[in-house]
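Chain residues, written in single-letter form:
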2 protein chains.
Amino acid sequence: MTTRVFILSDHTGITAGSIARALLAQFPHQSFELEEHPFLDSRDKVETIAREIERLGAAHQPPLVFSSFVNPEVRERLKAACGKRLFDIFEAFTPPLERLLGESASPVTGQLHGIGNAGSYTARIKALDYAMVHDDGSITKNYAKADVILIGVSRSGKTPTCLYLALHNGLQAANYPLVDEDLETTQLPAVLRDYRQKLVALTIDPKQLHRIRQQRRPGSRYASPEQCEWEVHQAENLFRKHHIPVIDTTAISIEEIAVHITAEIMGRTGAPPS
Amino acid sequence: MTTRVFILSDHTGITAGSIARALLAQFPHQSFELEEHPFLDSRDKVETIAREIERLGAAHQPPLVFSSFVNPEVRERLKAACGKRLFDIFEAFTPPLERLLGESASPVTGQLHGIGNAGSYTARIKALDYAMVHDDGSITKNYAKADVILIGVSRSGKTPTCLYLALHNGLQAANYPLVDEDLETTQLPAVLRDYRQKLVALTIDPKQLHRIRQQRRPGSRYASPEQCEWEVHQAENLFRKHHIPVIDTTAISIEEIAVHITAEIMGRTGAPPS
């Protein structure tokens, strides 16, 4: 039997949703159906959903509710509707935090996400423009301005990672694809030589690379197992020879790659990227 | 005096960091210094940071610690080091959830983020390729394949929103910039007429648009207050005339815009976008 799960928030609900998914993933034998209700930012909207929850409860189908509301009155209303089935981030952590800090919380909405940080909005858009202009080695003359330059074979994950780093961290991330002529030697491509310290390499399992390229250009030389095998092998030799930090993207997600890279950069510069 | 805040996780720590920022934002009179330690995925790594925390405590500078660890033993170790100053997502919510579901949790790491969902990784990369190819009205012939088409004047937020929707929701989002010739009439541009149902409009305060464009092309006609005023006015008339849903991006973040759009799409199709 499937359990309905409501994700409720006075803002985007992205964090409440992440927490719900993380927690529910620990119960693989059960099935859940998530239903997201963001921006419940008025008494009326909250009251409507609270009544819906009460209705479901009366029908013996009470949903699980994961929520993030800064307003304590709203949390009280939901607690009345959900009882033990309510998991609210602020309810769980704010009171103990108030005791520790010796100060009562002043409800502030919408601070949940880095991207929401208006102060650096411009920096992020600037970084995004940079990432798009410097995608795929198309323009290499502004590498001096890059916070990081990702190198790797085609389809190793460079572009999504650069865009993620720009959107989330405001990092100016360029990427340079290693093509056959780069891979025939173990020399660093000339355009990269002055920027050795900015380089982070992405690698990937050749079989996975083959699968990804097959979807893009079925049956092509580009997608052939031999070509993928050769490119990855040559690329990894090059990375090793020049002591470039390498991240294997085969089994990890874009934001995992991004966090590894920001950690790399922090390790080098000592300063967090955003 | 600044309070040091550690963000610890066996995975990216992105969600633990979001929660920390959200909670601490409620204490504007205090100053905090966040320090992120992701991928603490071995006993040694955890032990090292636990000892560092104990050292700071002994020196009467105990940090606040926000964490997400699926392994209960790790949480115990950290609790021993942090005492009341530990805020762990799994510690707070897993036990009550186990009681409700009548099943004990099986620790699973790395399920925190949609992007981490391997099953749809390919869909997201496909969506990202689509968004980049169909950015800025450059190619309009594949609009039939779009999940959504964003329209608005230049610099109203279309591109970052499309990329976010692709990366996070796996949505094929195209965008079409309204230029002077489109704005001189209240007709929908010809290329958009067949896709009326896929359109979502972005608008922005003309003063804000002026500030943004000034940074891009200082002193240009493109950036002038009059031009910005005229474009936004004409665009909003067009949106109104054709009953296109409008999102004002002036004061909200990229992911707020994205959540509004996915809500729009769900409202239309009844099905969640990812």
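Just so we're clear, the structure is a prediction, and the values are computed from it rather than from any experiment.

S.K.: I would appreciate a short explanation of the overall build of chain A in the present structure.
M.R.: Along the backbone of chain A there are 10 helices and 8 strands. Seen along its three principal axes, the alpha-carbon backbone of chain A occupies a region of about 70 × 45 × 30 Å. For chain A, the residues scored as buried account for 52% of the 274 residues in total. For chain A, the share of sequence-separated contacts (at least 6 apart) that also reach a separation of at least 24 residues comes to 70%. Of the roughly 12,100 Å² of accessible surface on chain A, 51% is carried by carbon and sulfur atoms. Charge separation in chain A, taken as the distance between the mean sites of 30 positive and 33 negative side-chain charges, equals 2 Å.

S.K.: So what exactly am I meant to see when it comes to the sheet that holds strand S6 (residues 173-177) of chain B here?
M.R.: Whenever strands of a sheet pair, they do so through backbone hydrogen bonds, lying parallel or antiparallel. Residue and element names in this part refer to chain B. One open sheet holds the 4 strands; their spatial order is S6-S5-S7-S8, and the pairing between them is parallel. Only two strands of the sheet have a single neighbouring strand rather than two, namely S6 and strand S8 (246-248). Averaged over all pairs of adjacent strands, the angle between strand axes in this sheet comes to 25°, irrespective of strand direction. Here strand S7 (residues 199-203) runs beside S8; their pairing, made up of 3 bridges, is parallel. For Leu 202, the partnering residue across the bridge sits in S8 and is Ile 247. Where helix H9 (residues 225-241) meets the sheet, its contacts fall on strand S5 (148-152), S7 and S8, and the angle it forms with S7 comes to roughly 150°.

S.K.: Which parts of the structure should I look at to understand the interface of chain B and chain A?
M.R.: Accessible area lost when the parts come together is the quantity often used to give the size of an interface. Chain B puts 68 residues into the contact, and the matching count from chain A is 68 residues. At the boundary of chain B with chain A, total buried surface from both sides reaches about 6,400 Å², with 74% on carbon and sulfur atoms. Counting the surface chain B buries against chain A, the share from its top three residues, Gln 26, Phe 27 and Phe 93 of chain B, is 11%. At the boundary of chain B with chain A, the tally comes to 2 salt bridges. Here Asp 129 of chain A ties to Arg 155 of chain B by a salt bridge, and the two come within 3.0 Å at their closest N and O atoms. Joining chain B to chain A, the criterion identifies 13 residue pairs in polar contact (both at pLDDT 80 or more).

S.K.: Just checking my understanding: could you explain the sheet that holds strand S6 (residues 173-177) of chain A for this structure?
M.R.: Residues and elements named next belong to chain A. With respect to topology, 4 strands assemble into an open sheet ordered S6-S5-S7-S8, the strand pairing being parallel. Strand pairing shows two members of the sheet lacking a second neighbour, S6 and strand S8 (246-248), which therefore form its edges. Between one strand and the next, the sheet's axes are offset by a mean angle of 25°, whatever the strand orientation. The strands that helix H9 (residues 225-241) touches are strand S5 (148-152), strand S7 (199-203) and S8; relative to S7, the one it contacts most, it runs at about 150°.

S.K.: I would appreciate a short explanation of helix H3 (residues 72-82) of chain B in the present structure.
M.R.: Three or four residues apart is the spacing at which side chains of an α-helix point the same way, because the helix has 3.6 residues per turn. All names here are of chain B. All of the buried residues along H3 are Val 74, Arg 75, Leu 78, Ala 81 and Cys 82. One side of H3 holds all its buried residues, which, seen down the axis, span an arc of 120°. The inward-facing, buried residues of H3 contact strand S1 (2-9), helix H2 (43-58), strand S3 (64-68), strand S4 (86-88) and helix H4 (89-101). Structurally, the start of H3 carries an N-cap: the backbone nitrogen of Glu 73 is 2.7 Å from a side-chain oxygen of Asn 71. A positive backbone phi angle near 60° is found at Gly 83, which sits one or two residues after H3.

S.K.: Is there a simple way to think about the nonpolar core in this case?
M.R.: Across soluble globular proteins, nonpolar side chains show a tendency to be buried alongside one another. Formed by 45 residues in total, the largest nonpolar core has its most connected members in Val 148 and Ile 261 of chain A together with Val 148 and Ile 261 of chain B. If we ignore the near neighbours within four places in the chain, the residues touching Val 148 of chain B are Leu 165, Gln 172, Ala 173, Ala 174, Lys 198, Val 200, Ile 261 and Ile 265 of chain B. Counting 37 residues, the second-largest nonpolar core is a separate cluster that includes Ile 19 and Leu 97 of chain A together with Ile 89 and Leu 97 of chain B.

S.K.: What's the story with the domain arrangement of chain A in this structure? I'm lost.
M.R.: The domain boundaries assigned to chain A delineate domain 1 (2-114) and domain 2 (120-269). Put simply, the middle of domain 1 of chain A and the middle of domain 2 of chain A, counted by C-alpha atoms, are 39 Å apart.

S.K.: It is not clear to me how the packing of aromatic side chains should be interpreted in this structure. Could you clarify?
M.R.: Aromatic ring pairs: the centre-centre distance and the angle between the two ring planes describe each pair. For the structure on display, the rule yields 7 aromatic pairs over all chains. Look at Phe 87 of chain A and Phe 93 of chain B: their rings are 5.8 Å apart centre to centre, the planes differ by 75°, and that puts the pair in the edge-to-face class. Here Phe 93 of chain B lies in helix H4 and Phe 87 of chain A lies in strand S4 (residues 86-88), a pairing that spans two chains. A residue is classified by how much of its surface remains accessible, and Phe 87 of chain A, at 3% relative accessible area, is buried. Pairing Tyr 143 of chain A with Tyr 195 of chain A gives two aromatic rings, centres 6.0 Å apart and planes at 85°, and the pair type is edge-to-face. Residue Tyr 143 of chain A is located in the loop between helix H5 (121-133) and S5, and its partner Tyr 195 of chain A is located in the loop between helix H7 (180-183) and S7; the two are separated by 52 residues in the primary sequence. As far as burial versus exposure is concerned, Tyr 143 of chain A and Tyr 195 of chain A are alike and both buried. Linked through ring pairs, Phe 66, Phe 87 and Phe 93 of chain A together with Phe 66, Phe 87 and Phe 93 of chain B together constitute an aromatic cluster. Lying over the aromatic face of Tyr 222 of chain A, Arg 217 of chain A brings its terminal NZ or CZ to 4.2 Å of the ring centre. The ring of Tyr 222 of chain B carries Arg 213 of chain B above its face, with NZ or CZ at 4.3 Å from the centroid.

S.K.: Can you help me understand the pairing of S1 of chain B in this one?
M.R.: With 6 of its 8 residues buried, S1 of chain B lies for the most part within the structure. The parallel pair S1 of chain B and strand S2 (residues 31-37) of chain B, bridged by helix H1 (residues 14-24) of chain B, forms a crossover whose chirality is right-handed.

S.K.: Please explain the relation of the copies chain B and chain A as it appears in this structure.
M.R.: Relating one copy of the chain to the other takes a rotation about an axis and a shift parallel to that axis. The transformation that overlays chain B on chain A combines an axial shift of 0.0 Å with a rotation of 180°, and the residual RMSD is 0.0 Å. Put plainly, the chains are arranged around a two-fold axis. Of the C-alpha atoms belonging to chain B, the one lying closest to the rotation axis is found on Thr 15 of chain B, 3.2 Å away.

S.K.: For this particular structure, what's the right way to read the packing of helix H8 (residues 206-216) of chain A against H9 of chain A?
M.R.: All names here are of chain A. Viewed as axis vectors pointing N to C, H8 and H9 meet at an angle of 130°, and their least axial separation amounts to 9 Å. Of the possible angle classes, the one that applies to H8 and H9 is oblique. Here the hand of the crossing between H8 and H9 comes out right-handed. The segment H8 lies against H9, with Pro 206, Leu 209, His 210 and Arg 213 engaging Pro 225, Gln 227, Cys 228, Glu 229, Glu 231 and Val 232.

Calculation notes
Every chain is numbered on its own, with residues counted from 1 as its sequence reads. Whichever chain is written first is A, and whichever ligand is written first is 1; the rest continue in order. This being a predicted model, a pLDDT of at least 70 is required before a residue's local features are given, and a value of 80 or more before pairs of side-chain atoms are given or counted; all residues contribute to the totals for chains, interfaces and linings. Water and hydrogen atoms play no part in the side-chain values, which are based on all heavy atoms of the structure. Secondary structure follows DSSP: runs of H or I at least 4 residues long count as helices, runs of E at least 2 residues long count as strands, and numbering of each begins at the N terminus. Accessible area is worked out with a 1.4 Å probe on protein chains only. A residue is then buried under 20% of its type maximum, exposed over 50%, and partly exposed in between. Any pair of residues with heavy atoms lying within 4.5 Å of one another is described as a contacting pair. Note on areas: Shrake-Rupley with a 1.4 Å probe; residue coverage comes only from the protein chains shown. All tallies of charge rest on Lys and Arg as positive and Asp and Glu as negative; His and the ends of each chain are not included. In plain terms, the charge of a residue is placed at NZ if it is Lys, CZ if Arg, CG if Asp and CD if Glu. By the convention used here, strands pair only if DSSP detects at least 2 bridges between them. Working convention: axes come from line fits to C-alpha atoms, limited for helices to the stretch in contact. Angles between N-to-C directions cover 0 to 180 degrees. Defined in terms of a 1.4 Å probe, buried area is the accessible area two parts forfeit on being brought together, summed over both. In the sections that follow, a salt bridge refers to a side-chain nitrogen of Lys or Arg positioned within 4 Å of a carboxyl oxygen of Asp or Glu. N or O atoms closer than or at 3.5 Å make up a polar contact, with two conditions inside protein: a donor-capable atom paired with an acceptor-capable one, and, for residues adjacent in sequence, both atoms drawn from side chains. This arc is taken over the directions from the axis of the helix to the C-beta atoms. Each nonpolar core is a collection of buried residues, namely Ala, Val, Leu, Ile, Met, Phe, Trp, Tyr and Cys, held together in the definition by side-chain atoms within 4.5 Å. Where each domain begins and ends follows an automated or database-derived domain assignment. Geometry of aromatic contacts follows a simple scheme: Phe, Tyr and Trp rings, the Trp one being its six-membered ring, pair when their centres are within 6.5 Å, and the pair is stacked under 30 degrees between planes, edge-to-face over 60, tilted otherwise. Definition used: whenever NZ (Lys) or CZ (Arg) falls within 6 Å of the ring centre and also within 35 degrees of the ring normal, the charge is taken to sit over that ring. Looking down the strands as they point away from you, a crossover is right-handed if its path from the first strand over the helix to the second goes clockwise. The copies were overlaid by least squares, fitting only the C-alpha atoms of residues that reach a pLDDT of 70 or more in each copy. Roughly parallel refers to an angle under 35 degrees, roughly antiparallel to one over 145, roughly perpendicular to one between 65 and 115, and oblique to any angle outside these ranges. Crossing handedness is defined as follows: a turn of the near helix away from the far one that is anticlockwise and smaller than a right angle gives a left-handed crossing, while the clockwise case is right-handed.

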